[in-house]
Amino acid sequence: MEKEVHEQYEYARRRIRQKKVLYFHFVLFLLGSLFIFVANKFFGFGASSEHNWCLWGITLWFFLFILHFIKVYITDRFMNKKWEREQIDRLVALQQKRISQLESKINEDTENKI
């Protein structure tokens, strides 16, 4: 029982850490986007280029943030340790079934030859 409680604690601690890093990424994205926009519009940084580079940079950063969000709230939520254990158990059961089928086939073949 103590092992299960420890695993639950570790899972909760890991999830909280993931969410904390995601929130930090969001705040960094907001402040960084503001800085990039201000540097481009008011200080003329990169004004010599024909393209609006700050929008491209902010869009790329937003896309990376969305990927981070999906990883934390969708992928890791469903594909956690429990899911891994279930998949491993399912594959082991399939392997054992296949091995038992092969063993029974070998036994039948040896009995037919004798």
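Just so we're clear, the structure is a prediction, and the values are computed from it rather than from any experiment.

Draft legend 1. Structural context of the pattern of salt bridges. Within this structure, the stated rule accounts for two salt bridges. Between Arg85 and Glu7 there is a salt bridge; the shortest N-O distance is 3.3 Å. Of this pair, Arg85 sits in helix H3 (residues 81-113) while Glu7 sits in helix H1 (residues 2-41), and the two are 78 residues apart along the sequence. Note that Glu10 and Arg13 form a salt bridge whose closest N and O atoms lie 2.8 Å from each other. Taken together, the positions of Glu10 and Arg13, both in helix H1 and three residues apart, correspond to about one turn of that helix. The partly exposed category is assigned to Glu10, whose relative accessible area is 27%. You can call Arg13 partly exposed: its relative accessible area is 46%.

Draft legend 2. Fine view of H1. Taking 1.5 Å as the rise per residue, H1 with 40 residues should run 58 Å; its terminal C-alpha atoms sit 58 Å apart, in good agreement. Within H1 the residues assigned to the buried category are Arg15, Gln18, Leu22, His25, Phe29, Gly32, Ser33, Ile36, Ala39 and Asn40. Close packing links the buried residues of H1 with helix H2 (53-78).

Draft legend 3. A look at the UniProt feature "coiled-coil region" (unreviewed entry) in the chain. When the UniProt feature table is mapped to this numbering, "coiled-coil region" (unreviewed entry) covers residues 85-112. Taken as a whole, residues 85-112 contains 100% helix and 0% strand, while its terminal C-alpha atoms sit 40 Å from one another.

Draft legend 4. Summary view of the packing of aromatic side chains. All told, the structure shown has five aromatic pairs when counted by the stated rule. Geometrically, the ring pair formed by Phe26 and Phe65 is tilted, given 5.4 Å between the ring centres and 40 degrees between the ring planes. Placement of the pair is Phe26 in helix H1 and Phe65 in helix H2, with a sequence separation of 39 residues. With a relative accessible area of 36%, Phe26 lands in the partly exposed category. A ring pair is formed by Phe29 and Phe65, whose centres lie 6.2 Å apart and whose planes are at 10 degrees; its orientation type is stacked. In this pair, Phe29 is assigned in helix H1 and Phe65 in helix H2, connecting sequence segments 36 residues apart. Look at Phe29 and you get buried, because its relative accessible area is 8%. Clustering of aromatic rings is evident, with ring pairs tying together Phe26, Phe29, Trp61, Phe62 and Phe65.

Scoring rules and cut-offs
- Residues numbered from 1 in each chain as written.
- Predicted model: local features only at pLDDT ≥ 70, side-chain atom pairs only at ≥ 80, totals over all residues.
- Heavy atoms only, no water.
- Salt bridge = Lys/Arg side-chain N within 4 Å of Asp/Glu carboxyl O.
- Helix = DSSP H or I, 4+ residues; strand = E, 2+ residues; numbered from the N terminus.
- Buried < 20%, exposed > 50% of the residue type's maximum accessible area, 1.4 Å probe, protein only.
- Expected span 1.5 Å × (residues − 1).
- Contact = heavy atoms within 4.5 Å.
- UniProt positions renumbered as here; feature names shortened; annotations may be inferred.
- Phe/Tyr/Trp six-rings, centres within 6.5 Å; stacked < 30°, edge-to-face > 60°.

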